[in-house]
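A closer look at the structure
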Amino acid sequence: MTIALAIRLATIALALVLTRRAPLCRGVALAGSILASLVTLSVAVGVLGGGGPVDGVLLRHAASGMVLGYAVTPLSAWFLMVLGVIAIPVAIYSIGYFAHAVAPSRTAAVGIGFNALLGSVELVFAAGDVITFLFAWEVMTLATAALVATEHDERASRRSAYLFLVMSHIGTGSLVAGFFALAAASGSMSFSTMLGQSAMSLPMRGVLFALFFVGFGVKTGVVPLHVWLPEAHPAAPSSISALMSAVLITTGVYGLFRVCAFGLGVPDANWGLFFMAVGALTSILGVLYALTQTDLKRLLAYSTIENAGIIVLGLGAGMMARAYGNRELAAIALAASLAHVLNHAVFKGLLFLGAGSVVMATGSRHLEQFGGLLRRMPWTGLFFLVGALSISSVPLLNGFISEWLTFQALLLGFASTPGLVRLNFPVAGAILALSAALAAACFVKGFGISFLALPRSAEAAEAREAPMTMLAPMAVLAFVCLVLGLFPGIVLGGLQPVLASLPGSQSGRALLGGTMGLTSGLISSPGLGEFDRVVPAGVAIAMLSTLGLAAAFVARAGLAVRRAPTWGCGGELSARTEYTATAFSKPLMMVFRAVYRPTRQVDTLAEISPYFPQEVRYRAEIEPTFERYVYAPVVRTVLRIATGMKVLQAGSLHAYLAYVLVLGVLLLVWLGGTP
Amino acid sequence: MNIPVIQTIATVMWAILQAAGMLAVAPLLKTAIKKMKARLQGRQGPPWLQGYYDLAKLVSKEPVRSETASWVYVAGPRVYFAAAVTATTLVPVLVPAAPLEAVGGILLLVGVLALGRFALATAALDTGSPFGGMGASRDMTIAALAEPALMLGLFTSALAAGSLNLGVLVRTLLEQGPSFQPSDLLAFSGLFVIVIAETGRIPVDNPATHLELTMIHEAMVLEYAGPDLALVEWASAVKELLYLTLLVDLFIPAGIAPHVAPVALVVAFAAWAGKVLLLAAAVTLVESTNAKLRLFRVPELVSISLGLAFLALAIRFL
């Protein structure tokens, strides 16, 4: 760990020196990053491979006896592993991408930000005590804000970065408060002693839980703390967006695991229920908003919210299982959540990289400006399709595996939990099914409108395939999607030490996985010994052979294929007659209009008669519910209070001195009363 | 040769046989529904073998594809077909076990069908025709809305049997013997609605129409011709047969062959065919006595089904 941090610091220093030589600076910054990520990845794999936790000291302050250090537990190692798997391809991609997409004068800043961000995320996962954690957390926030504001000459970018900073600091504020309360109660700053016991009374624990939920929830992007995410993720350069969506949200998830689920003693069943509710709400709202987006990167950002919801849903189920003392169920639910952390990181990283290539090739983020890109960018299109299939959780790819695991957790939860409360599991299952199906609709649109049919703009017609340095990392990630989807036992193998290290969960025979498939069941509950199993490779073989059969059946006639123009309904077929992204999601927008509250405005400009319009303007928007009804009142109140406070802050030195005097006297009076 | 190898070969042969059987019977089901519908309207209806004639005609035609289409357009019908055929090996038909039940259960079945739908809907966007987009959009909308009700309905049966595996499920049902649970009726009604929605029948979609504004599935595959279309049609027929078989398995498994013997298999085949035909008659009745719903009324229908499924779950387990 120390080596990785040292490499990052050296890289940052070198990048600073080389500021004026952009290409060299870029190379050094990214190569340094790859090297550091490799070191961290090897540490993480070592811990997961059974090497036991790794810890060490970063700084020792002799006078106060304070020690700052790192401790890579199996849980940390899992998140570090996910980070490494994404960070290395993203860094390689960035070598090609920054050359085109980032101005030379900003290369050094972006390179430094990239390293600072990755280094701080590594330290967040590995921190062994509160001070290190909060320091890394804050560096992470600042580095992200700087990267979001890369294009700071645009007002929208600055606003996104500002919104991100404000939301993050609300979160950090609650974290600081929560950690200090914990530290005071346990008398230690180190995570291992602080998070190990539950000496606190129940109401206090509830308050702490709420504080940490807000603190980590902001980064995870759970509704209603998600408002910054769809603004900030698209604003950053695409490879940074990939990092943010794939990895940055997992810092929040890590916190929720480490503190909310396993740091405050045995969780209350209501906490688990609350997480399940928040997770289900987040996933459904995230995917509903993703559906209506026409900006590709915003669509992906909203879909990140959906997946964060699924992760939190699994975690909630695990917490409930733990509260009820069902160790096998807890293991299944936690495995589902952690597996989705990895799977989401891989396919969302892939999709953001693909989106980055498309944006670079067309100069636009708007779906209605793409079209027909598969001909111009065949490889990017193929990899994007793999990502789209993964995120739609169809079999043979990795998204299906975590969805399958989450369903196991929910159904077994229903079957083995006592009381009425268990009805929450099938409700969550129905919502999960709906989110997954809506995600499929969303990505049929995302892929189909962008890559198929006719180009919708001159830029799309002239698009050029991305260079090799950008294609290769996408190929790697697409391959990982496929391998994890076909051989889910690999993921489970990595998860076993993590599950073993978490209190209250015991995988045992609940979740068995060889190289090929997975089996789930609860030995402890009668009749649920073997609940379900899945062998994706078997389906793959079956499907491939039927595909061959279909091809043979069709090719039997041996007739040559004739190409003919598509029938344009009597008119001329052009990009303007194609179905648009807006139109594609229109039926669902109508169905869920209670959520969207859409408004539509059609203006027809005509001179002679309304039947011969010269211009039709169409404007449709959906209501930003959370921004308008949740945050706007808060902002108004804060501004009103601030305006009121202006009276105190008159700018007169005499007045300020008088305040000090009055406060001093008051303090003396107050303290004078106590012995 | 050792036992596992022989077992694997036997399983594969069984899977192939079952898939081939379902493929062979599926066009007949389509014709049967058409015939029953025609009789209700006082017409004669097509000859029994019309389904096969149609497929043979389509296959022998020259394949015509759009100039604007890419490989995705070609892959669409093939993946759709492969998904439907693969799915048939995951359900028990004549014996209380599915050939590939060791590979996966209900979740995999639903997932494989979702993969086929994804492929076909994506391919529909490839020609640049507004119809393809319209059909894909509507098909994905209805599928998304139907998904939670389908899952909940299936989960009710699965939880009663303690397994998500269809083979285990049917065996448990047979062991328990014929018993009537009020929840079965609710779950069955809920799933029946979903089966109608998923197979594109009236009142959700009209398989016989080519009227611009009412098409859903037909709009999605409007640009396909010749052998490509044959694959789509055949796969749709297989899917319909599959859904009806699934209903039979979950709610009226009686008659299934307890052991592999010629007589038992013949009886099981007759029982299965009879039950599927009965359900097909129900589908025909619904189709003949209802008008197609407006697209935006479909969510109401589906939410009724979701409500039924949830009620079934609640009264079964509380």
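What counts and how
- Residues numbered from 1 in each chain as written.
- Chains lettered and ligands numbered in written order.
- Predicted model: local features only at pLDDT ≥ 70, side-chain atom pairs only at ≥ 80, totals over all residues.
- Helix = DSSP H or I, 4+ residues; strand = E, 2+ residues; numbered from the N terminus.
- Rg over C-alpha atoms; globule rule 2.2 N^0.38 Å.
- Buried ≥ 20, exposed ≤ 12 C-beta atoms within 10 Å, placed from the backbone.
- Contact = placed C-beta atoms within 7 Å.
- Nonpolar A, V, L, I, M, F, W, Y, C, P; charged D, E, K, R; others polar.
- Pairing = 2+ DSSP bridges.
- Expected span 1.5 Å × (residues − 1).
- Domains from an automatic or database assignment.
- Axes fitted to C-alpha atoms, helices over the stretch in contact; angles between N-to-C directions.
- Core = buried A, V, L, I, M, F, W, Y, C linked by C-beta atoms within 7 Å.
- Parallel < 35°, antiparallel > 145°, perpendicular 65-115°, else oblique.
- Left-handed = near helix turned anticlockwise from the far one by under 90°.

1. Details of the overall build of chain B
Of the regular secondary structure elements, chain B holds 11 helices and 1 strand. Traced from its N-terminal end to its C-terminal end, chain B shows the element sequence α-α-β-α-α-α-α-α-α-α-α-α. At 20 Å, chain B has a C-alpha radius of gyration in line with the 20 Å of a compact globule built from 318 residues. Dimensions of chain B along its principal axes, counting C-alpha atoms only, are 55 × 50 × 40 Å. Taking all 318 residues of chain B together, the buried fraction comes to 60%. Across chain B, every contact between residues at least 6 apart in sequence was considered, and the portion connecting residues at least 24 apart equals 80%.

2. A look at the overall build of chain A
In terms of helices and strands, chain A carries 25 helices and 8 strands. The C-alpha atoms of chain A give 27 Å as radius of gyration, which agrees with the globular expectation for 675 residues (26 Å, within 12%). Based on the C-alpha atoms only, the size of chain A along its principal axes is roughly 100 × 70 × 55 Å. Of the contacts made within chain A by residues no fewer than 6 positions apart, 77% connect residues no fewer than 24 positions apart.

3. Side note on the environment of His152 of chain A
Residues and elements named next belong to chain A. Looking at where His152 falls in the secondary structure, it is placed in the loop between helix H5 (130-148) and helix H6 (155-186). Assessed through the 13 C-beta atoms surrounding it within 10 Å, His152 is described here as partly exposed. For the pair formed by His152 and Ala235, sequence separation is 83 residues and the distance between their alpha carbons is 9.9 Å. Aside from chain neighbours lying at most four places away, what touches His152 is Ser157 and Arg158.

4. Concerning the interface of chain B and chain A
With 68 residues of chain B at the interface, the matching set in chain A holds 66 residues. Broken down by element, the side of chain B that touches chain A gets its largest block of residues, 17 residues, from helix H5 (residues 130-161) of chain B. When grouped by side-chain class, the residues that make up the side of chain B that touches chain A number 41 nonpolar, 19 polar and 8 charged. With 3 bridges connecting them, strand S6 (residues 562-564) of chain A and strand S1 (residues 64-66) of chain B associate as parallel partners.

5. Re helix H8 (residues 202-220) of chain A
Residue and element names in this part refer to chain A. Taking 1.5 Å as the rise per residue, H8 with 19 residues should run 27 Å; its terminal C-alpha atoms sit 25 Å apart, in good agreement. Where H8 is concerned, the buried positions are Leu208, Phe209, Leu211, Phe212, Phe213, Gly215, Phe216, Gly217, Val218, Lys219 and Thr220. Along its buried surface, H8 packs onto H6, helix H10 (238-261), helix H11 (269-292) and helix H12 (296-323). At the C-terminal side of H8, Gly221 shows a positive phi close to 85°.

6. Section: the domain arrangement of chain A
Under the domain assignment used here, chain A contains domain 1 (305-315 + 326-551) and domain 2 (625-672). A C-alpha centroid distance of 50 Å is found between domain 1 of chain A and domain 2 of chain A.

7. Some words on the sheet that holds strand S4 (residues 518-520) of chain A
Residue and element names in this part refer to chain A. One open sheet accounts for 3 strands, arranged S3-S4-S5; its pairing is antiparallel. Strands at the two margins of the open sheet, each flanked by one partner only, are strand S3 (511-513) and strand S5 (532-534). Averaged over all adjacent pairs, the angle separating strand axes in this sheet is 10°, with direction ignored. As defined by bridge partners, S4 adjoins S5 across 3 bridges and the pair is classed as antiparallel. When the bridges of S5 are listed, Leu518 appears paired with Val534.

8. With respect to the environment of Ala277 of chain A
Residue and element names in this part refer to chain A. Note on placement: Ala277 falls in helix H11. For Ala277, a count of 17 C-beta atoms within 10 Å puts it in the partly exposed group. Remark: the alpha-carbon pair of Ala277 and Ala428, spanning 151 residues in sequence, is separated by 7.7 Å.

9. Points about the nonpolar core
In this structure, Val82, Leu243, Ile332 and Ala335 of chain A together with Val238 of chain B are the most contacted members of the largest nonpolar core, which totals 360 residues. Top contributing element to this core by residue count: helix H13 (residues 327-362) of chain A, with 24 residues. Apart from the residues lying within four places of it in its own chain, the contact partners of Ala335 of chain A are Leu405, Leu492, Leu495, Leu499 and Leu511 of chain A.

10. A short note on the pairing of strand S1 (residues 54-61) of chain A
All names here are of chain A. A small share of S1 lies buried, amounting to 0 of its 8 residues. Judged from the 7 bridges that link them, S1 and strand S2 (residues 66-72) form a sheet pairing that is antiparallel. Within the sheet, the bridge partner assigned to Asp55 lies in S2 and is Ala71. Counting the residues that bridge the hairpin from S1 to S2 gives 4 residues, and of these Gly65 lies at a positive phi of roughly 75°.

11. Some thoughts on the packing of helix H16 (residues 398-416) of chain A against helix H17 (residues 424-451) of chain A
Residue and element names in this part refer to chain A. Where H16 meets H17, the axes come as close as 8 Å, and the angle between the chain directions of the two elements is 160°. Between H16 and H17, the angle is such that the two are roughly antiparallel. The handedness of the crossing between H16 and H17 is left-handed. Taking contact as the criterion, the partners of Glu403, Thr406, Phe407, Leu410, Leu411, Gly413 and Phe414 in H16 are, on H17, Phe425, Pro426, Ala428, Gly429, Leu432 and Ala436. Split into classes, the residues belonging to the contact of H16 with H17 amount to 9 nonpolar, 3 polar and 1 charged.

12. Observations concerning H17 of chain A
Here H17 of chain A contains 28 residues, and its C-alpha end-to-end distance of 40 Å stays within 8% of the 40 Å for a straight helix at 1.5 Å per residue. Among the 28 residues in H17 of chain A, 27 count as buried, and that is most of the element.

13. Examining the environment of Ala177 of chain A
Residue and element names in this part refer to chain A. Positionally, Ala177 belongs in helix H6. We classify Ala177 as partly exposed; it has 16 C-beta atoms within 10 Å. Expressed as a C-alpha distance, the spacing of Ala177 and Leu208, which sit 31 residues apart in the sequence, is 8.7 Å.

14. Quick notes on the packing of helix H3 (residues 71-88) of chain B against helix H4 (residues 106-124) of chain B
All names here are of chain B. Across the interface, H3 lies against H4 with an axial gap of 8 Å and an inter-helix angle of 160°. Put simply, H3 runs roughly antiparallel to H4. H4 is crossed by H3, and the crossing has left-handed handedness. Mapping the contact onto sequence places Val72, Tyr73, Ala75, Gly76, Pro77, Val79, Tyr80, Ala83, Ala84, Thr86 and Ala87 in H3 and Leu109, Val112, Leu113, Leu115, Gly116, Ala119, Leu120, Thr122 and Ala123 in H4. When grouped by side-chain class, the residues that make up the contact of H3 with H4 number 16 nonpolar, 4 polar and no charged.

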